[in-house]
Amino acid sequence: MINEAKNLLNQYFGYTDFRSGQAEIIDNILHQRNTLGILPTGGGKSICFQIPALLFQGTTIVISPLISLMKDQVDALTAADIPATYINSSLTQKELQDCLYDIRHGVYKLVYVAPERFDSDYFIDVLNSIQIPLIAFDEAHCISQWGHDFRPSYRSIVSSLKKLNQQPMIVALTATATQNVADEIRNLLHIGQQDTFKNGFARENLSFNVIKGANKRDYILSYLKEHSKESGIIYTSSRKETDGLYNYLSLQGFSVAKYHAGLSEFERKQAQEQFVYDEKQIMIATNAFGMGIDKSNVRFVLHYNLPKNLEAYYQEAGRAGRDGDESECILLFSKQDIQLQKFLIEQSTFDPEIREQDYNKLNQMIMYCHTEECLQSYIIQYFDPNETEMKCKKCSSCKDTREKVEITREAQMIFSCCKRMGERFGTTLIAQVLKGSNQKRIRELGFDQLSTYGLLRSQSEKEIVDTINYLLTEDYMQLTDGKYPVVLLTEKSIPVLKGETTVWMKKSKTPVKEARAVE
Ligand code: ADP
């Protein structure tokens with residue numbers, strides 16, 4: 001039967017071979033077994049239920065969380081001469097009636113529906129009047145409360161299924177399932193451990209990079225100039241940030257579109273189409289953008305802010321390089337973003353258990369930004385601790401050939417300067433004082449009289465800022481909340497100041513010249 005499946009792959013989709021994972025999943029479904037398929041984003045999950053749907057008698061129901069995704073998939077199927085339709089809130093009453101009539105008369109091989117549809121008894125009636133060989137749960141992690149995108153309406157389908165007068169097979173598909181999530185999906189949908197197919201999480205054509213302490217706008221500007229012919233996505237953590245960056249980059253003459261939940265449906269649809277059809281080169285968006293978007297030539301995904309966890313990050317970053325060509329995933333890390341994510345956690349739930357779990361996930365995300373391990377390996381082990389460690393040789397950790405150098409003296413100077421300035425100022429001003437800057441504000445504040453003034457004059461201001469950021473990320477210092485965060489020392493800095501411990505950092509060796517002793 002798998003040969004027949006392969007013929008259909010060729011006939012309808014024009015592909016000669018299954019990708020790894022696809023054949024096993026399809027074969028298992030064809031053997032009448034409930035199946036869980038975990039394939040990376042871009043791995044080709046849709047074909048795993050579309051081909052069985054073609055081989056089975058009757059109509060396959062596909063449950064999908066996003067309206068835009070349904071329409072795109074149905075359009076693609078229709079273009080390939082496969083009878084398919086969707087039902088969601090975008091249909092008029094008349095369209096809905098016509099559609100249900102056609103479904104009752106067995107016109108379609110595939111029907112995409114939003115999870116809420118299962119709450120309707122009328123819809124269940126329609127399903128009971130036709131033959132349903134298979135129900136596919138796309139983005140199946142939405143069913144799990146351990147997942148990063150839990151949707152209660154997804155969960156309640158499980159009880160609605162009991163109202164069906166037949167027992168269709170189930171296939172659940174997702175890109176991002178940790179052990180907990182996979183277990184929960186299997187339990188809820190009665191899928192056996194042996195019916196789970198996972199095709200390694202590694203995305204060999206992606207190179208992961210974490211950039212710390214950069215001026216984000218400057219970084220993006222020079223990155224976009226260097227990659228002027230490429231298409232990419234920039235994710236930010238808020239609508240406001242998306243708007244701000246969109247305005248900034250438009251003014252600089254870049255071909256940009258924007259997408260967030262504050263825009264009208266029309267605006268979102270237009271932006272998405274402009275990006276997908278290469279009329280706009282760069283999409284600036286919140287996490288509202290992207291689920292199910294099939295644009296193969298996305299060459300880079302830049303995260304302007306820290307995502308809330310690695311599931312979200314890998315899913316978003318994974319939108320790069322679906323065509324298998326080399327692509328970059330870059331995360332611009334700044335400590336301030338942690339505060340925002342913490343705030344969002346506080347806002348999102350009152351359940352202490354879920355909150356703790358969210359904090360835990362956030363911490364793992366932060367550790368990803370600090371790790372000196374291979375970043376691809378770190379992500380893969382996060383999803384599956386049994387995976388062996390590897391080196392991708394192209395992430396920012398693997399490529400960081402700098403040696404760890406001792407920076408205890410510099411750290412002492414920075415701590416001391418911060419303290420002498422009264423722990424009342426931000427990173428830049430501390431760096432400027434250490435650099436010995438001649439700025440009026442510094443003289444007015446009398447900081448040119450401090451014993452730490454100019455102690456690091458042999459370094460560039462940026463180098464000093466980088467070291468301060470490193471000390472912040474390593475918790476020797478911390479930032480206060482708010483628009484103008486102030487640098488404070490933490491307990492961890494005390495033994496360093498006393499000369500009891502040393503501080504090390506990967507960096508190019510630049511001797512600290514002209515350094516006077518710190519009093
Ligand atoms: P996802 O797993 O993210 O849902 P899709 O199902 O959207 O991925 O597939 C991603 C892309 O890969 C699509 O453009 C699809 O047509 C293509 N694709 C799927 N299966 C194959 C295959 N066997 N050979 C070549 N391309 C494929």
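Residues numbered from 1 in each chain as written. Predicted model: local features only at pLDDT ≥ 70, side-chain atom pairs only at ≥ 80, totals over all residues.

Under an unreviewed UniProt entry, the protein chain has the name DNA helicase RecQ and belongs to Ureibacillus manganicus DSM 26584. What UniProt records for the protein chain under Catalytic activity (unreviewed entry) is the sentence "Couples ATP hydrolysis with the unwinding of duplex DNA by translocating in the 3'-5' direction." Note on the protein chain: under the UniProt heading Sequence similarities (unreviewed entry), the record states "Belongs to the helicase family. RecQ subfamily." (UniProt positions renumbered as here; feature names shortened; annotations may be inferred.)

Engineer: I tried to follow the sheet that holds strand β12 (residues 298-303) on my own but got confused; where do I start?
Structural biologist: In sheet architecture, strand pairing relies on hydrogen bonds along the backbone and comes in two forms, parallel and antiparallel. An order of β8-β13-β12-β9-β11-β10 is seen for the six strands of this open sheet, with the pairing classed as parallel. In the strand order of this sheet, the two ends are held by β8 (206-212) and β10 (256-259), each with one partner. Each neighbouring strand pair of the sheet contributes to a mean axis angle of 15°, computed without reference to strand direction. Here five bridges tie strand β9 (residues 231-235) to β12, and the two strands are oriented parallel to one another. Each bridged residue has a counterpart across the sheet, and for I234 the counterpart in β12 is L302. (Pairing = 2+ DSSP bridges. Helix = DSSP H or I, 4+ residues; strand = E, 2+ residues; numbered from the N terminus. Axes fitted to C-alpha atoms, helices over the stretch in contact; angles between N-to-C directions.)

Engineer: Looking at this structure, I do not really get the pairing of strand β13 (residues 327-333). What am I missing?
Structural biologist: Two faces belong to every sheet, and in a regular strand the side chains alternate between them. Of all seven residues in β13, seven are buried; the element is thus mostly enclosed. Neither face of β13 is open: one carries S327, C329, L331 and F333, the other E328, I330 and L332, and all of them are buried. Here β8 runs beside β13; their pairing, made up of seven bridges, is parallel. If you follow V210 over to β13, its bridge partner there is L331. Both β12 and β13 contribute to a ladder of four bridges, which runs parallel. Residue pairing in the sheet places F300 in a bridge with E328 of β13. (Buried ≥ 20, exposed ≤ 12 C-beta atoms within 10 Å, placed from the backbone.)

Engineer: How should the site of the ligand be read in this particular structure?
Structural biologist: Inspection of the region around the ligand gives 16 residues, with Y15, G43, G44, K45 and S46 positioned closest. For the shell around the ligand, the residue count by class is four nonpolar, seven polar and five charged. (Near = placed C-beta within 6 Å. Nonpolar A, V, L, I, M, F, W, Y, C, P; charged D, E, K, R; others polar.)

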